[in-house]
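So you can see what is in the structure, the chains are spelled out below.
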Amino acid sequence: MVNTWLQAGMSVVVGLMTAVGALIGIRLSVHGSDRATEQRELAGRREEWWRRFTWAAELALDDAPVKRVTGLKLLTKLAQSDLAKRDECLLIDVFQGRVLDELLSDLSGNSEGGHRYDRAA
């Protein structure tokens, strides 16, 4: 009779250990799946950020001054995004600097020709 109780007790312990092991396995699997989903979502958001960056850069390089200003403003907003890490911010800074230098060069060349660019004009 003691042997029967021992076998029953061991069966219960083994059953509980199996159930706990399965539960732990499921939890780890779900955690890994959630993490993979988060990484895919982040990658998708970063791709969209890059698409917007190229669009804003194209605007900033346009011949029309209004589009250039719009592109530069969009780049400033993109730099404020959580998706813009250090490298992206440096890229935007260099890009904006080059575009602004070109704009200022154009303005100084035009102002020497007798044109004034101020709000009162």
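Thresholds applied
Residues numbered from 1 in each chain as written. Predicted model: local features only at pLDDT ≥ 70, side-chain atom pairs only at ≥ 80, totals over all residues. Heavy atoms only, no water. Helix = DSSP H or I, 4+ residues; strand = E, 2+ residues; numbered from the N terminus. Buried < 20%, exposed > 50% of the residue type's maximum accessible area, 1.4 Å probe, protein only. Contact = heavy atoms within 4.5 Å. Areas by Shrake-Rupley, 256 points an atom, 1.4 Å probe, with all protein chains shown as cover. Phe/Tyr/Trp six-rings, centres within 6.5 Å; stacked < 30°, edge-to-face > 60°. Core = buried A, V, L, I, M, F, W, Y, C linked by side-chain atoms within 4.5 Å. Polar contact = N/O pair within 3.5 Å; in protein donor to acceptor, adjacent residues only side chain to side chain. pLDDT = per-residue confidence, 0-100.

### Some details on the overall build of the protein
Each helix and strand in the protein was counted, giving three helices and zero strands. Each helix and strand of the protein, ordered N terminal to C terminal, gives the series α-α-α. A burial count over the protein gives 16% of its 121 residues as buried. Long-range pairs, those at least 24 residues apart, make up 49% of the contacts in the protein with a sequence separation of at least 6. Element-wise, carbon and sulfur atoms account for 61% of the exposed surface of the protein, whose accessible area totals about 9,800 Å².

### Focus: the packing of aromatic side chains
Counted under the stated rule, the structure contains four aromatic pairs. Where W49 meets W50, the ring centres are 6.3 Å apart and the plane angle is 35°; that geometry is what we call tilted. Arranged with centres 5.8 Å apart and planes meeting at 10°, the rings of W49 and F53 form a pair that is stacked. Within this pair, W49 and its partner F53 are both found in helix α1 (residues 2–60), separated by four residues, close to a single helical turn. Across the pair, exposure class does not vary: W49 and F53 are buried alike.

### Points about the nonpolar core
By size, the foremost hydrophobic cluster in this structure holds 14 residues, and its most contacted members are W49, F53, L75 and L78. Those elements that provide at least two residues to this core are α1, α2 (65–79) and α3 (86–112). Those residues in contact with L78 that sit more than four places away from it in its chain are W49, R52, F53, A56, A84 and I92.

### Some points on the side chain of E88
In this structure, E88 sits in helix α3. In this structure the side chain of E88 is engaged in a polar contact, spanning 2.5 Å, whose partner is the side chain of R46. If sequence neighbours within four positions are ignored, E88 has contacts with R46, W49 and L83.

### Considering the confidence of the model for the protein
Taken over all residues, the pLDDT of the protein has a mean of 82, while the share at 70 or more is 88%. Of all the helices and strands in the protein, α3 carries the lowest mean pLDDT, 81, while α2 carries the highest, 90. Note that pLDDT drops below 50 for residues 113–121; the model gives that stretch four contacts with residues more than four away or on any other chain.

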